[in-house]
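Here is what each chain is made of, one letter per residue.
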Amino acid sequence: MRVLITGIAGSLGSNIAERLLARGDEVLGIDNFSTGSADAVPERAGLKFIQGTIADRDSVKTQFDTFRPDLVVHSAASYKDPDDWQEDIATNVQGTANLVHAALATSVKRFVNFQTALCYGKPLEKPVSLSHPLMPFTSYGISKTAGELYLMASGLNYVSLRMASVYGPRHYVGPIPTFYKRLKAGQKCFVTDTRRDYVAMPDFLDLFDRVADDRAPTGVYHLSTGADVSIKEIFDAVAANLNIKLDAPVEVRPSDPDDVASILLDPSKTKSDFGWQPKTSFDDGLRDLIRWYDDHGVEQTFSHLRGQR
Ligand SMILES: NC(=O)c1ccc[n+]([C@@H]2O[C@H](COP(=O)([O-])OP(=O)(O)OC[C@H]3O[C@@H](n4cnc5c(N)ncnc54)[C@H](O)[C@@H]3O)[C@@H](O)[C@H]2O)c1
């Protein structure tokens, strides 16, 4: 298959690229290195890489016209500066619209999109059903939601996964890499009184294989284990994995106004339509990730939250 992956230098894009290249697919990757890095782009036969932005409509059109992908995996996103609305709009709205138009013009067979659960804003229910209203209130959530709505209106054969947090190699966003980096450096940490659901990379990749099939069901689905953990539990687990014993429990702070107390998505339709079942426990997944960080380090971490940048 010929697969075009946006955001290939990021965590999900690079893990998917490795998987597809290993099975013999031809991959064209696009990334502007805004949160990804060059060393994440797999150096393998079968991969062509373009350093550039999906916000450039002419460049996107040229890449599609030349490469003629069967499958598009849209993993690029802008989120690192909550006040840079222009960049979020350029990447998440204009960039997504550019890809959708180019995919329509070149008869792409399947378009896989990754959506943030922040499309639900501060959810009114737990777990969140697929019929929950879209109520994003941050620049990242608003712009990603607009991009998803354009995709849904396009008539393309698509799946958009509204996702819990995915953790695994090159995961540099949010609490896990932040706690690892700070604890290793002997720096003080705090946690917020919030909860999140974490899906391990092997389980995410297992679902990816199923949704990338152009004969599989289409539409919007949830990626979630169906259970969540508190940020304090995550902190304690990272500290335990590093064999760090603290003199006092970590400070718990109330969450910031741009944060969400809990987003737990209902994965039941994903399980029934795709025959998918997450298999990795949080303890096992976290242990593997800490080992990965030990081998590769954590240089920079990112957050869409003002209070944690
Ligand atoms: N990982 C998660 O927990 C999670 C949860 C929900 C949604 N998502 C979505 O999954 C996708 C992948 O997330 P990730 O965790 O791999 O993030 P990431 O930051 O590791 O990867 C995103 C990649 O997109 C690139 N990029 C940003 N703007 C670009 C542009 N204009 N043109 C080309 N490339 C650009 C970045 O440089 C980066 O390499 C994103 O769409 C994100 O919104 C991820």
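Residues numbered from 1 in each chain as written. Predicted model: local features only at pLDDT ≥ 70, side-chain atom pairs only at ≥ 80, totals over all residues.

Engineer: Explain the overall build of the chain to me, using residue names and the numbers behind them.
Structural biologist: Across its full length, the chain holds 9 helices and 13 strands. In terms of C-alpha radius of gyration, the chain reaches 19 Å, essentially the compact-globule figure of 19 Å for 309 residues. C-alpha atoms of the chain, sized along the principal axes, occupy 60 × 40 × 40 Å. Put simply, of all contacts in the chain between residues at least 6 apart along the chain, 80% involve residues at least 24 apart. (Helix = DSSP H or I, 4+ residues; strand = E, 2+ residues; numbered from the N terminus. Rg over C-alpha atoms; globule rule 2.2 N^0.38 Å. Contact = placed C-beta atoms within 7 Å.)

Engineer: Residue-level account of the nonpolar core, with values.
Structural biologist: The biggest cluster of nonpolar side chains holds 75 residues, and the ones touching the most others in it are Ile-5, Val-72, Ala-103 and Ala-117. Per element, the largest residue contribution to this core is 5 residues, and it comes from helix 6 (residues 201-211). Both domain 1 (2-166 + 199-223) and domain 2 (175-197 + 226-302) contribute no fewer than three residues apiece to this core. Excluding its chain neighbours within four sequence positions, the residues that come into contact with Ala-103 are Phe-64, Val-72, Val-108, Phe-111 and Leu-156. (Core = buried A, V, L, I, M, F, W, Y, C linked by C-beta atoms within 7 Å. Buried ≥ 20, exposed ≤ 12 C-beta atoms within 10 Å, placed from the backbone. Domains from an automatic or database assignment.)

Engineer: A description of the site of the ligand should follow, citing residues and the corresponding values.
Structural biologist: Gly-7, Gly-10, Gly-36, Ala-77 and Phe-114 are the nearest of the 30 residues found near the ligand. Breaking the shell around the ligand down by element, the ones donating at least two residues are helix 1 (11-22), strand 2 (26-31), helix 3 (85-105), strand 5 (110-116) and strand 7 (165-167). If you tally residues by element for the shell around the ligand, the top one is helix 1, at 3 residues. Here the residues of the shell around the ligand sort into 12 nonpolar, 16 polar and 2 charged. (Near = placed C-beta within 6 Å. Nonpolar A, V, L, I, M, F, W, Y, C, P; charged D, E, K, R; others polar.)

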